[in-house]
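# Examining the three-dimensional arrangement
Listed here are the chains, written in short residue letters.
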Amino acid sequence: MNTPTSHTACPDCHGLGKQNRGLSKRAKQRYQKALEVYQRFPDNPKPVKPKAHLQVCPSCSGSGLLPAPQPPKPDTTRFPHLAIIGGGIGGTALAVACLHRGIPFTLYERDTDFAARAQGYGLTLQQAHTAVKGFGIDRLEQGIVSTRHIAHTPDGTVLGEWGMRKWDTQTNATPKRTNIHIARQNLRLALLNQLSGTDAIRWGHQLNGFKQTETGIELQFDIQGNTSTAQADLLVGADGIRSSVRALLFEQEPYPLRYLDCIVILGICALSPLKNTAHELLDQKTVFQTANGNERMYMMPYDPEHIMWQFSYPLAEAEAKSLSAQGAEALKKEVQKRTDWHAPIPQIINATPAALISGYPVYDRALLTPQAFTSCGPVSLLGDAAHPMSPFKGQGANQALLDALALARRITKMCKPDTSWKQTNLRKKILTPFETEMLDRSATKVKASARAARVLHSDQVLQERDGPRGGGKQ
Ligand SMILES: Cc1cc2nc3c(=O)[nH]c(=O)nc-3n(C[C@H](O)[C@H](O)[C@H](O)COP(=O)(O)OP(=O)(O)OC[C@H]3O[C@@H](n4cnc5c(N)ncnc54)[C@H](O)[C@@H]3O)c2cc1C
């Protein structure tokens, strides 16, 4: 027997993860009665048919997937061919979700390979188990579960402690209920591994133009100085906060990048040089932060051998750009100068190699509305391209994963078997409902992340309280 190495859409829920349980007997009777009354007295408002209840699909436990020796063959009659621009978290996740459902796709990434650029920072995946199982990933090998969060003042006074270790010492919490810390590249690799065996990834392809034609969309790429074109039926921009698809899509960008008045400096430090700094905060199960009402340090496990830190403070945009451009040594010096704080913070900063330090001004954009897409035809956006947010609530990657799954599921639902997708109005039936749900879901996260950028650099962070600062994960 072949060992299953891939996944296919669950036939019982058609990859949706949920099944229609229909209406309860009572709801049916109530509706029937209301309908009879309406038929007798048609001047009354017509009763609205209640929506059926959905239940988690018992066959796939809600993932929408079943193990299979190989993924299904792409079905070019049933589904449109997707061009996915951007092989970051959201684009790769969409490619994986398409693969499992037999939706044909090509994934275009401007980097020449997976490791072409240092992309070193860690992510916290909230409710991580649920977030990744829809992509056929049962366990994030390099993921670390934290059990304790502590907030301090710069002299080390504890302002609050929370998390499983404090509240839940009696239960054996499973990863289902927890946040997982993982290097962004490890999550990306876990997704890319699902795509091994396909020839649908085009590295070194930078999109620089597209136009709608009678037969679909013509894409134009720069491949190391050469121009090349390709065709697709549906185009999805998953190309990050400075999205080219978005810039090409909206003749006039409705919501330019909005500076959030602070800079964030990141570093990754190996634990081995810190062996003599035996400190309870370095047990790789603790997330801690230290703040003075202006500057803030946040540290979390990065992988089993490293810790990641994120230092942030308010700074004028021009100064933040200038410091960022001065490079890693200047960024490190700036953090050292500002963090003569409790152990092990100075020790960690000193031990962090400059090569693993980066720093950026923090931006988001005001919220798009579904109406902005009305005349976009078969072109859409997801992840940071659609709704960039500050990193202070740790929600950007989480939302990009949810977007990807939602779009693949919508395509599966609306493109019926034995019917050509050409009979489906892609914008009306698939993209508008997808964008409406995505923008509605992510709006609270964008707003909360912008608020956290203010709160975490204010006196509010100094309140004594056993709970997250800035109203969320961090
Ligand atoms: C410091 C920091 C900490 C964070 N912490 C968290 C966290 O804890 N939890 C969390 O959920 N999120 C976190 N985030 C946010 C998260 O990283 C992003 O929201 C997420 O990566 C967005 O995914 P994406 O696919 O939309 O974009 P990206 O991951 O940015 O990917 C975009 C891809 O598109 C490619 N691309 C760009 N232009 C083109 C083009 N023209 N043609 C082809 N390819 C192109 C890029 O090379 C890139 O690979 C953090 C972000 C930062 C900066």
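Small disclaimer: the values here were computed from a predicted structure and weren't measured.

Each helix and strand counted, the protein has eleven helices and 22 strands in total. In terms of C-alpha radius of gyration, the protein reaches 24 Å, essentially the compact-globule figure of 23 Å for 474 residues. The principal-axis extents of the C-alpha atoms in the protein amount to approximately 75 × 60 × 55 Å. Looking at the protein alone, contacts between residues at least 24 apart form 75% of all its contacts between residues at least 6 apart. Considering the protein, the positive charge centre built from 56 side chains and the negative charge centre built from 41 side chains are found 9 Å apart.

At a minimum axis separation of 10 Å, helix 10 (residues 396-414) and helix 11 (residues 426-455) run at an interaxial angle of 160°. As far as their axial angle goes, helix 11 and helix 10 are roughly antiparallel. Crossing of helix 10 over helix 11 shows right-handed handedness. Contact residues: Q399, L402, D403, A406, L407, R410, I411 and M414 in helix 10; K429, I430, L431, P433, F434, E437, M438, R441, S442 and K445 in helix 11.

Next up on the list: the site of the ligand. Residues in contact with the ligand amount to 34 residues; listed here are only the nearest, G90, E109, Y121, T124 and R184. R110 is positioned such that a nitrogen or oxygen atom in its side chain is 3.1 Å from an oxygen atom of the ligand. Within the backbone of T124, a nitrogen or oxygen atom sits 2.7 Å from an oxygen atom of the ligand. When the ligand is considered free in solution it has 1,000 Å² of accessible area, and contact with the protein chains removes 92% of it.

Let's shift gears to the domain arrangement of the protein. According to the domain assignment, the protein contains domain 1 (6-68) and domain 2 (82-118 + 183-257 + 366-455). Each partner contributes to the interface: domain 1 provides twelve residues, whereas domain 2 provides six residues. Interface area, domain 1 with domain 2, both sides summed: about 650 Å², of which 50% is carbon and sulfur. The largest share of the area that domain 1 buries against domain 2 comes from H7, L16 and L65, three residues that together contribute 54% of it. Remark: the boundary between domain 1 and domain 2 carries zero salt bridges. Here domain 1 is connected to domain 2 by six residue pairs in polar contact (both at pLDDT 80 or more).

What follows covers the packing of aromatic side chains. Taken as a whole and assessed by the stated rule, the structure comprises five aromatic pairs. Summarising the aromatic geometry, the rings of F250 and F373 are spaced 5.8 Å apart at their centres and angled 65° between planes, so their arrangement reads as edge-to-face. Pair noted here: F250 is in the loop between helix 6 (244-249) and strand 17 (258-270) and F373 is in the loop between strand 21 (357-364) and strand 22 (379-381), with a separation of 123 residues, a long-range link. The pair F250 / F373 is uniform in exposure class, with both members buried. Taking 6.2 Å as the distance between ring centres and 65° as the angle between the ring planes, the aromatic pair formed by F311 and W341 counts as edge-to-face. Separated by 30 residues along the polypeptide, F311 in strand 20 (residues 306-314) and W341 in the loop between helix 8 (328-338) and helix 9 (345-351) bring together distant segments of the chain. We classify F311 as buried; its relative accessible area is 0%. Classification of W341 as buried rests on a relative accessible area of 11%. What links up through ring pairs into an aromatic cluster is the set F311, Y313 and W341. If you follow R338 out to its NZ or CZ, it ends over the ring of Y313, 3.7 Å from the centre.

About the cut-offs
Residues numbered from 1 in each chain as written. Predicted model: local features only at pLDDT ≥ 70, side-chain atom pairs only at ≥ 80, totals over all residues. Heavy atoms only, no water. Helix = DSSP H or I, 4+ residues; strand = E, 2+ residues; numbered from the N terminus. Rg over C-alpha atoms; globule rule 2.2 N^0.38 Å. Contact = heavy atoms within 4.5 Å. Lys, Arg positive; Asp, Glu negative; His and termini not counted. Charge placed at Lys NZ, Arg CZ, Asp CG, Glu CD. Axes fitted to C-alpha atoms, helices over the stretch in contact; angles between N-to-C directions. Parallel < 35°, antiparallel > 145°, perpendicular 65-115°, else oblique. Left-handed = near helix turned anticlockwise from the far one by under 90°. Near = heavy atom within 4 Å. Polar contact = N/O pair within 3.5 Å; in protein donor to acceptor, adjacent residues only side chain to side chain. Areas by Shrake-Rupley, 256 points an atom, 1.4 Å probe, with all protein chains shown as cover. Domains from an automatic or database assignment. Buried area = accessible area lost by both parts, 1.4 Å probe. Salt bridge = Lys/Arg side-chain N within 4 Å of Asp/Glu carboxyl O. Phe/Tyr/Trp six-rings, centres within 6.5 Å; stacked < 30°, edge-to-face > 60°. Buried < 20%, exposed > 50% of the residue type's maximum accessible area, 1.4 Å probe, protein only. Lys NZ or Arg CZ within 6 Å of the ring centre and 35° of its normal.

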